[in-house]
Amino acid sequence: MIQKSSHTLINPHTGNLAFKLYSVENDNPFDHIQRLNYYSLILISKGEGSLKADFSEYKFSDNTLLAFSPFQPFMLKAKNIIQAIVIHFHPDFFCIHKHQKEVACNGVLFNNIYHPPLVTVDEAAKVSFEIQVKQIIDELKNPKLAQYEILVSHLKILLITA
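About the criteria used
Residues numbered from 1 in each chain as written. Predicted model: local features only at pLDDT ≥ 70, side-chain atom pairs only at ≥ 80, totals over all residues. Heavy atoms only, no water. Core = buried A, V, L, I, M, F, W, Y, C linked by side-chain atoms within 4.5 Å. Buried < 20%, exposed > 50% of the residue type's maximum accessible area, 1.4 Å probe, protein only. Helix = DSSP H or I, 4+ residues; strand = E, 2+ residues; numbered from the N terminus. Expected span 1.5 Å × (residues − 1). Contact = heavy atoms within 4.5 Å. Polar contact = N/O pair within 3.5 Å; in protein donor to acceptor, adjacent residues only side chain to side chain. Phe/Tyr/Trp six-rings, centres within 6.5 Å; stacked < 30°, edge-to-face > 60°.

Looking now at the nonpolar core. Core analysis: the largest hydrophobic core is formed by 25 residues, its most contacted members being Phe19, Leu41, Ile87, Phe89, Phe93, Phe129 and Leu155. Broken down by secondary-structure element, the contributors of at least two residues to this core are β2 (17-25), β3 (39-46), β6 (64-68), β8 (83-89), α2 (123-141) and α3 (147-161). Among the elements that make up this core, the one with the highest residue count is α2 (six residues). Within the second largest apolar cluster, 19 residues are counted, among which are Tyr22, Phe30, Leu66 and Ala84.

Okay, structure coming up:
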C-alpha cells in the first residue's frame, strides 16, 4: 500500500486542481454523493460494500478499480474499513478524448452507460498500478521541467493497464 499522503498539482493558469493522488486508510471520504469536476480513479485494495452510481447499485470488494467521469454522481457505502489509492485529474490536464487512440479507455473505464464503472483488478495489474503510483509520487515531489509530460505518461500507463 502507498504511504498515506496527498500530492496535488494545481493549474497555474486557472488555480483549479489539475492532478491529485492520495491514499485512503480506514476512512471513507465518498460516503455521500460526489459530483466532482474531474476524472476519478479509485483502486480499492481492501474493503467491500456497495457503489451507487448513475441511479444503479453495484457491489465492490478487494482489488476493485472504480472509474468516474467529470460530474458523474457516485457514493460508496462500505461494510468495513476501506484502503484505497485515489487519483483525480482534470480534463485540462489529461483529455481522455484527445488520447483515445493511445489509451483506448473511453467507453471502457469512462463514459459507458451500459457497463458498471468498476473492474476487478488482477494481482499483476494491481502491482503495475502501485509501481506507477510510486513513480508519480516521486515525480510530484521533485518538480522538473518536463514534469507534466512525465505525469501524463504515467497516467497513460495506468489507464492502459486498467
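Past the structure itself, the notes keep going.
It is worth spelling out α2 at this point. Look at α2: 27 Å from first C-alpha to last across 19 residues, which is about the 27 Å you get at 1.5 Å a residue. Taken together, the buried positions of α2 are Ala125, Lys126, Phe129, Glu130, Gln132, Val133, Ile136, Ile137, Glu139 and Leu140. Those residues of α2 hidden inside the fold are in contact with β1 (6-10), β2, β3, β6, β8 and α3. Backbone nitrogen of alanine 124 and a side-chain oxygen of the N-cap are separated by 3.3 Å at the start of α2; the cap is aspartate 122.

Enumeration over the complete set of coordinates arrives at five aromatic pairs. Measuring from centroid to centroid gives 5.7 Å for phenylalanine 30 and phenylalanine 74, while their planes differ by 45°, and the two rings are tilted. Of the two residues, phenylalanine 30 sits in the loop between β2 and β3 while phenylalanine 74 sits in strand β7 (residues 74-78), which places them 44 residues apart along the sequence. Take phenylalanine 30 and phenylalanine 74: they sit in the same class, and that class is buried. Ring geometry for tyrosine 39 against phenylalanine 89: centres 5.1 Å apart, planes inclined by 20°, an arrangement best described as stacked. Separated by 50 residues along the polypeptide, tyrosine 39 in strand β3 and phenylalanine 89 in strand β8 bring together distant segments of the chain. Residue class for phenylalanine 89 comes out buried when judged on its relative accessible area of 0%. Members of the aromatic cluster, each reached through a chain of ring pairs, are Phe19, Phe93 and Tyr148.

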